[in-house]
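Structural features, examined
Residues per chain are reported as follows:
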Amino acid sequence: MDVNAAVAAAAAIAGVLTGVIAMLAFRWSEREQKRPTRSSLHTDAVLPPGVDTVLSVLRSSAVVLDEADAVVKASSAAYALGLVRGGKLAVEPMLRMARDTRRDGEIRQVELDLPRRGTGRGEALAVSARVAPLGSRLVLLLVEDLTEARRIEAVRRDFVANVSHELKTPVGALSLLSEAVMDASDDPEAVERFAGRMQIEATRLTSLVQELIDLSRVQNDDPLEDAEPVRVDELVAEAIDRCRHQAGAKQITMAAGGAADLRVWGNRGQLAAALGNLVENAVNYSPARTRVGIAARSVNAPGGDHIEIAVTDQGIGISDKDKERIFERFYRVDPARSRATGGTGLGLAIVKHVAASHGGEVTVWSAENQGSTFTLRLPEAGAARDRAHQQSARHERAGGAGLGEEAGRSTLTSPESTAYETLPAPEVLP
């Protein structure tokens, strides 16, 4: 009996001790869970109320530094730009600005050129950095990416400079020729010769001004506001008729053909101007007694069927270094020859903008002394119209919200079904 009682007492004591230990362990675990971690001390607990929310909606890259220059908070854009690495601010000039602001409390701003991450081409990233105190211990750094803005500004400066140069040439020629006409007023043959030159320069000036107007229009207008199904064979016939005189003067044969009954959805005037520019370039840059071909076909694509209109010539061709720049405004592969033919250097830029605004693209294949093929790729009328209807339906379900580019396109109405004539057989036009 004594032994059994002792065993029972020992078991009871062991159970009590186990329970006490379990209770103490549970209390300790709860206390550890409630204790703030290092990460919480450096984010939520340190930042003033509402600052985290404000930083999350800013378009600028945001970085918050504490008194030890450690990063308390950084936006994803700051990491993408390479401003923060390993929990530290990686740009030394910005770090010095932050320390100076922490010391005297003054707001500072500077523009810097930073190397791009992951590129060995030395491309600079233009940024504007602004540092301001945030409370008594923190410093806020806001960084704005100015690279695209600087690029656009440089394009605008180049455009203005190029326009001034291109306009100055015919205007100066007209001024000199007018003086020559006045001096040769008693010589009918000289007057006739100078008047002919004045007419040429006036025509060049008129073409340049008109193409500047066309380029401005295709850049600023939405061509799908007045969109309609446009027959491809009519665009081809109009482009050929536009260049018939130049081709006949050089004995260039123009051949047209391709699949029948093809239609694209867009602005007829802009599409005709784009295809006309391609055909005109092909004629101007082709030697005499050669051939220019225009062919169209339908191509199946994941995003919807497309129409490809290819313009092929047997001209001088384009080198690899020039292919990357031929769609730039005022860029000429052969400046001397372009000016001799009255070219302005804006034709391909207009083609590029028209293709992009219609949801398509323009591509080029070329080899020097072997000719070139420019391909205008545009959405087919049915596929483009269906997408416009889908956008219109989504816009109506959303209650008309978001009047952006897509909403503007969604206002297109489908034309009534029309019987279209078939594309004529390939023809050779002298």
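Residues numbered from 1 in each chain as written. Predicted model: local features only at pLDDT ≥ 70, side-chain atom pairs only at ≥ 80, totals over all residues. Heavy atoms only, no water.

With 46 residues, the main nonpolar core has Val232, Met254, Val264, Val292, Ile294 and Val311 as its most contacted residues. Sort the elements by how many residues they give to this core and helix H10 (residues 268-284) lands first, with eight residues. Contacts of Val232, omitting those with residues within four sequence positions, involve Leu262, Arg263, Val264, Ala296, Ile307 and Ile309. Formed by 23 residues, the second largest nonpolar core is a distinct cluster that contains Leu83, Val84, Val91 and Leu141. (Core = buried A, V, L, I, M, F, W, Y, C linked by side-chain atoms within 4.5 Å. Buried < 20%, exposed > 50% of the residue type's maximum accessible area, 1.4 Å probe, protein only. Helix = DSSP H or I, 4+ residues; strand = E, 2+ residues; numbered from the N terminus. Contact = heavy atoms within 4.5 Å.)

Turning to the packing of aromatic side chains, a few remarks are in order. Here the structure, examined in full by the defined rule, presents one aromatic pair. With a centroid separation of 6.3 Å and an interplanar angle of 80°, the aromatic rings of Phe327 and Phe374 are classed as edge-to-face. Remark: Phe374 occurs in strand E14 (residues 371-379) and Phe327 occurs in the loop between helix H11 (320-323) and helix H12 (335-340); sequence separation between them is 47 residues. For Phe374, a relative accessible area of 9% puts it in the buried group. Note that Arg193 overlies the ring of Phe194, its terminal NZ or CZ placed 5.1 Å from the centroid. (Phe/Tyr/Trp six-rings, centres within 6.5 Å; stacked < 30°, edge-to-face > 60°. Lys NZ or Arg CZ within 6 Å of the ring centre and 35° of its normal.)

With 17 residues, H10 should reach 24 Å at 1.5 Å per residue; the first-to-last C-alpha distance of 24 Å fits that figure. Where H10 begins, the side chain of Asn267 points an oxygen toward the backbone nitrogen of Gly269, at a separation of 3.1 Å. (Expected span 1.5 Å × (residues − 1). Polar contact = N/O pair within 3.5 Å; in protein donor to acceptor, adjacent residues only side chain to side chain.)

Right, let's talk about the pairing of strand E7 (residues 138-145) for a bit. Sheet topology places strand E1 (residues 61-65) next to E7; five bridges connect them, and they run antiparallel. Each residue of the ladder has a partner; that of Val64, found in E7, is Leu140. Sheet topology places strand E6 (residues 124-134) next to E7; eight bridges connect them, and they run antiparallel. Paired with Ala132 across the two strands is Leu140, which belongs to E7. Hairpin geometry of E6 and E7 is characterised by an intervening segment of three residues between the two adjacent antiparallel strands and by a positive phi of about 80° at Gly135. (Pairing = 2+ DSSP bridges.)

Our next topic: the packing of helix H8 (residues 232-242) against H10. For the pair H8 and H10, interaxial distance at closest approach is 9 Å and the crossing angle is 50°. Classified by the angle their axes make, H8 and H10 are oblique. In the crossing of H8 with H10, the sense of the turn from one axis to the other is right-handed. Contact residues: Glu234, Leu235, Val236, Glu238, Ala239 and Arg242 in H8; Arg268, Leu271, Ala272, Ala273, Leu275, Gly276, Asn277, Val279 and Glu280 in H10. Classifying every residue of the contact of H8 with H10 gives eight nonpolar, two polar and five charged. (Axes fitted to C-alpha atoms, helices over the stretch in contact; angles between N-to-C directions. Parallel < 35°, antiparallel > 145°, perpendicular 65-115°, else oblique. Left-handed = near helix turned anticlockwise from the far one by under 90°. Nonpolar A, V, L, I, M, F, W, Y, C, P; charged D, E, K, R; others polar.)

What follows deals with the environment of Gln246. Turning to its location among the elements, Gln246 is positioned in helix H9 (residues 244-249). Classification of Gln246 as partly exposed rests on a relative accessible area of 26%. Measuring from C-alpha to C-alpha, the distance between Gln246 and Asn284 comes to 7.6 Å, with 38 residues separating the pair along the chain. Among all residues touching Gln246, those that are not within four sequence positions of it are Glu280 and Val283.

Turning next to the pattern of salt bridges. A full pass over the atoms with the stated rule returns 17 salt bridges. A salt bridge links Arg150 to Glu111, with the shortest nitrogen-to-oxygen separation between them at 2.9 Å. A residue pair is termed long-range when its members are at least 10 positions apart, and Arg150 in helix H6 (residues 147-183) and Glu111 in strand E5 (residues 108-115) qualify at 39 residues. In this structure, the salt-bridge partner of Asp241 is Arg244, at a minimum N-O distance of 3.6 Å. By relative accessible area, Arg244 is classed as partly exposed at 34%. (Salt bridge = Lys/Arg side-chain N within 4 Å of Asp/Glu carboxyl O.)

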